[in-house]
Amino acid sequence: MKFIIESDINFYSNFYMLMKNIFYSLLLMLIIFSGVSCTDKSFLEETVTSDLDRETIFSDSAYTEGFLTDIYRSIGFDVALNRFKPPWPKTIQAGGLQTMCDELEFRVISDITTDVLFVTGSVNPVSVSNDVFKTCYENIRKVNIFFENVDNSPLSASLRTKYKAEARFLRAWYYFILVKHYGGVPLIGDVVYDKDDEMKTERDTYEDCIDYIVKETQMAARDLTSVKPRGRYNGRIGKGACYAFISRVKLYAASPLFNGSDFGSDAPGFKPELIRYLDYKKERWKEAMDWADSVRNTGLYYVHVNNTPVPGEGFYEKMFPSTFTYDKKGNGVDYYAGTILEHKKAESNERENLFQPPSRNSGGGGYPYQEFVDMFPMRNGKAITDPASGYDPNNPYANRDPRFKNSVLCDLDSVAAFISQQVQRVQISIYLDRDNNNKPATKDGFGTGTPTGYYPNKMVHRLVDGGNGFTYQSQSMPLLRYEEILLNYAEAANEWYASPNKDIYDCLTKIREAAGIAPGTDGLYGLKTGMTQEEMREAIHLERRIELALEGHRFFDVRRWMIADKTDNQMMHGMKITRNTDKTNPAYDKVEVRKHVFRKAMYLWPIPNSEVSKAPDKMLQNPYY
């Protein structure tokens, strides 16, 4: 069976025309999917592709289910690691949110992509990507069509209730993607706009959007019977996903940018209530804390820990598709015990092709900065700047937090290679050869393959060759993880209680234990005892940065914390390594790579000019653009 990843539907690129024409485009080519009854395959696998009208779709239960399943298909588009690659027929790779913050350096290509615009401080309403408006409102409209027609389908009453709840969640999900990027957006309710209808273009307030998203998700949770769907419904929405999603929404709403800041108040003619609450309420932190706690109280999610045969093995394992297996003693091992929601994708080598070096015919998804490398502590949990950490600048990658080598590929590390009909691990050389006029030893070398001296390695299968199609594995990507929930709880509780307690410490130590960090004699996995609220806040920020790296969080985290003017407004660095031809006697030199430029406006995305121009008096542009 073939899995369709990219949409074959060609919609108009702006919101006004999109909402008038999507119905006709949808009728020309609708991709229908059906579920499968095994946990290691995507329920999105294709079975039928047809040109169908609404009456046909909703007169058949399989087509009706397929229509809903199609709405799932874009659920992770905003955090896609190759989100900003040029459109087909170009095949060149480019990055995503990870290359528009302080995680990875973007790939220089001939196209001017949105990540480049943000890094260079030149983003503007004319050139910014329209993918958020386009994709989200496409899917919101599909949900509304589903609601309008599903009661006429032959589905059983119980399935109609379940599927409507899933659709309600998905609509809220797409709205929150919009809100994360822009602040308040037009809420269109259940209305299905057709070709000649007058469109709603006026933005709703941030508060109204958050209230709507939370209310809709609560309604979805009420009608879902399963907390964590399995079997045929593995990958679909359950109560647990609803609780976790509200936890995220509430955490954002409680954060400094949105919780009563002065952002936008000095922008002439702008209404700040479109992008934030006008008042500060500490209780918003408690709401975020309580919703995170509701996920913990289900008792169905936990942090997968496996520190054999090497420390942090569990961190690698939990990044991959839903797996339930047995260890040598016959005990059940649920590698995906902490996965709450993921973007289901089929088997391929897409991620490996994006992240692995040129020697594997790969590359382009970004290159880790030295600042990204330096954030990882030592295996004892102490920062590399701590004199007690044991860090050796002449051997900088030894004895680090095991998440480091599961996130970053360094000089002389190994990658998968399909050779002689089998997968092998081969060493890569990034260093410059001092015996050969300091030229790169291979095409993977510094300045040739990578501008920073590193390649990304997170979510990369150890036995998948990015340049060979015989080693495919699932490319599913986590969207909601239990580790995020623990971090949500810790962050909100620290702000609510204003004094770190044992529960907050426990959230971080559970994550660090699973990471493979040594517990130490105090059992705190390198955390400082008796931290103040500010110290704990910094510890939580760091743990989010490490644990959730490259998963689409960092870009938005530094904005909601209002620290992007520092993190995204500095010179970024790489590491130039020089060795002898025999790979001995390494020298490490930190080098400048790129100056990131941040403007105040960039705390939010600009609304694409194509949307604003349709109704400039209603679709107000975000401040400072």
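The rules behind these values
- Residues numbered from 1 in each chain as written.
- Predicted model: local features only at pLDDT ≥ 70, side-chain atom pairs only at ≥ 80, totals over all residues.
- Heavy atoms only, no water.
- Helix = DSSP H or I, 4+ residues; strand = E, 2+ residues; numbered from the N terminus.
- Buried < 20%, exposed > 50% of the residue type's maximum accessible area, 1.4 Å probe, protein only.
- Salt bridge = Lys/Arg side-chain N within 4 Å of Asp/Glu carboxyl O.
- Phe/Tyr/Trp six-rings, centres within 6.5 Å; stacked < 30°, edge-to-face > 60°.
- Lys NZ or Arg CZ within 6 Å of the ring centre and 35° of its normal.
- Pairing = 2+ DSSP bridges.
- Polar contact = N/O pair within 3.5 Å; in protein donor to acceptor, adjacent residues only side chain to side chain.
- Contact = heavy atoms within 4.5 Å.
- Axes fitted to C-alpha atoms, helices over the stretch in contact; angles between N-to-C directions.
- Left-handed = near helix turned anticlockwise from the far one by under 90°.
- Nonpolar A, V, L, I, M, F, W, Y, C, P; charged D, E, K, R; others polar.
- Expected span 1.5 Å × (residues − 1).
- Parallel < 35°, antiparallel > 145°, perpendicular 65-115°, else oblique.
- Core = buried A, V, L, I, M, F, W, Y, C linked by side-chain atoms within 4.5 Å.

Draft legend 1. Region of the structure containing unusual backbone geometry. Proline 89 follows tryptophan 88 through a cis peptide bond whose omega is 20 degrees. Here proline 89 is to be found in the loop between α3 (61-72) and β3 (104-105). Note that the residue after threonine 308, namely proline 309, is joined by a cis bond; omega there is 5 degrees. Examined against the element boundaries, proline 309 turns out to sit in the loop between α9 (283-296) and α10 (313-317). Of note in the backbone geometry, tyrosine 624 takes a positive phi value of approximately 75 degrees without being a glycine. Structurally, the position occupied by tyrosine 624 is in the segment after α18 (609-612). Judged by relative accessible area, which is 27%, tyrosine 624 ranks as partly exposed.

Draft legend 2. Main features of the pattern of salt bridges. All chains considered together, the criterion is met by 55 salt bridges. For glutamate 138, the salt bridge goes to lysine 134, with nearest N and O atoms at 2.9 Å. Of the two residues, glutamate 138 and lysine 134 are both situated in helix α5 (residues 131-149); the distance of four residues between them amounts to about one turn of the helix. Judged by relative accessible area, which is 5%, glutamate 138 ranks as buried. The exposure class of lysine 134 is partly exposed, given its relative accessible area of 23%. The partner of lysine 250 in a salt bridge is glutamate 287, with the nearest N and O atoms 2.9 Å apart. Of this pair, lysine 250 sits in helix α8 (residues 239-254) while glutamate 287 is found in helix α9, placing the two residues 37 residues apart along the sequence. Judged by relative accessible area, lysine 250 falls into the buried class, the value being 13%. One salt-bridge network, in which partners are shared between bridges, spans Lys318, Asp401, Arg403, Lys458, Arg481, Glu483, Arg512, Glu543, Glu547 and Glu551.

Draft legend 3. Region of interest: the packing of aromatic side chains. Summed over all chains, the structure comprises 30 aromatic pairs. Both rings, one in phenylalanine 133 and one in tyrosine 137, keep their centres 5.5 Å apart while their planes meet at 40 degrees; by these two values the pair is tilted. Within this pair, phenylalanine 133 and its partner tyrosine 137 are both found in helix α5, separated by four residues, close to a single helical turn. Accessibility assignment for this pair places phenylalanine 133 and tyrosine 137 in one class, buried. By way of ring pairs, the aromatic residues Phe372, Phe376, Tyr397, Phe404, Tyr454 and Tyr588 are connected into one cluster. A cation over an aromatic ring shows up here: lysine 162 above the ring of tyrosine 233, its NZ or CZ 4.0 Å from the ring centre. Above the plane of the ring of tyrosine 252 lies arginine 560, whose end atom (NZ or CZ) is 5.3 Å from the centre.

Draft legend 4. Looking closely at the pairing of strand β11 (residues 422-427). Bridging between strand β10 (residues 414-419) and β11 involves six bridges; their strand directions are antiparallel. Bridge assignment links alanine 416 to a residue of β11, and that residue is arginine 425. Adjacent in sequence and paired antiparallel, β10 and β11 are bridged by two residues, among which serine 420 carries a positive phi angle near 55 degrees.

Draft legend 5. Expanded view of the side chain of glutamate 491. Topologically, glutamate 491 is positioned in helix α13 (residues 482-497). Judged by its relative accessible area of 3%, glutamate 491 is buried. A polar atom in the side chain of glutamate 491 sits 2.9 Å from the side chain of tryptophan 561. Residue contacts for glutamate 491: discarding those within four places in its chain leaves Leu251, Ser255, Trp285, Ile540, Arg544, Arg560 and Trp561.

Draft legend 6. Structural view of the sheet that holds strand β18 (residues 587-595). The mixed open sheet is built from four strands, whose spatial order is β13-β12-β17-β18. One side of each edge strand has no neighbouring strand; the edge strands of this open sheet are β13 (439-440) and β18. Relative to β18, strand β17 (residues 571-579) runs antiparallel, the two sharing eight bridges. In the strand pairing of β18, histidine 573 is matched with glutamate 592.

Draft legend 7. Structural view of the packing of α9 against α13. It is the contact of α9 with α13, at a shortest axis distance of 8 Å, that shows an interaxial angle of 145 degrees. Note on packing geometry: the crossing formed by α9 with α13 is left-handed. Contacts between α9 and α13 involve Glu283, Trp285, Lys286, Ala288, Met289, Ala292, Asp293, Val295 and Arg296 from the former and Tyr482, Ile485, Leu486, Asn488, Tyr489, Glu491, Ala492, Ala493, Glu495, Trp496 and Tyr497 from the latter. Class assignment of the residues belonging to the contact of α9 with α13 gives a composition of 13 nonpolar, one polar and six charged.

Draft legend 8. Expanded view of α8. Between its terminal C-alpha atoms α8 stretches 23 Å, which fits the 22 Å expected from 16 residues at 1.5 Å a residue. Burial analysis of α8 places 15 of its 16 residues in the buried class, the great majority of the element.

Draft legend 9. Molecular detail of the packing of α5 against helix α6 (residues 157-182). Where α5 meets α6, the closest approach of the two axes is 9 Å, and the angle between their N-to-C directions is 160 degrees. What the angle tells us is that α5 and α6 run roughly antiparallel. Considering the relative orientation of α5 and α6, their crossing is left-handed. Residue-level inspection shows Val132, Phe133, Cys136, Tyr137, Asn139, Ile140, Val143, Asn144, Phe146 and Phe147 of α5 in contact with α6, the latter providing Tyr163, Lys164, Ala167, Arg168, Arg171, Tyr174, Tyr175, Ile177, Leu178, His181 and Tyr182. A breakdown of the residues in the contact of α5 with α6 according to their chemical character gives 15 nonpolar, three polar and three charged.

Draft legend 10. Layout of the side chain of arginine 360. Position of arginine 360 relative to the elements: it lies in the loop between α11 (350-355) and β8 (367-368). Classification of arginine 360 as buried rests on a relative accessible area of 14%. In this structure arginine 360 touches Val415, Ala416, Ala417, Val426, Asp465, Gly466 and Gly467, once residues within four positions along its chain are discounted.

Draft legend 11. View of the nonpolar core. The biggest cluster of nonpolar side chains holds 147 residues, and the ones touching the most others in it are Phe169, Trp173, Tyr174, Tyr175 and Leu178. Aside from chain neighbours lying at most four places away, what touches tyrosine 174 is Ile71, Tyr72, Ser74, Ile75, Phe77, Cys136, Asn139 and Ile140. Counting residues in hydrophobic clusters, the runner-up holds nine residues, among them Leu409, Val415, Ile428 and Phe446.

Draft legend 12. Representation of the environment of lysine 228 in the model. Position of lysine 228 relative to the elements: it lies in the loop between α7 (206-223) and α8. On the accessibility criterion, lysine 228 (15% relative accessible area) is buried. Once the C-alpha coordinates of lysine 228 and lysine 239 are considered, the two residues, eleven residues apart in sequence, prove to be 6.9 Å apart. For lysine 228, the side chain forms a polar contact with the main-chain oxygen of alanine 337, separated by 3.3 Å.

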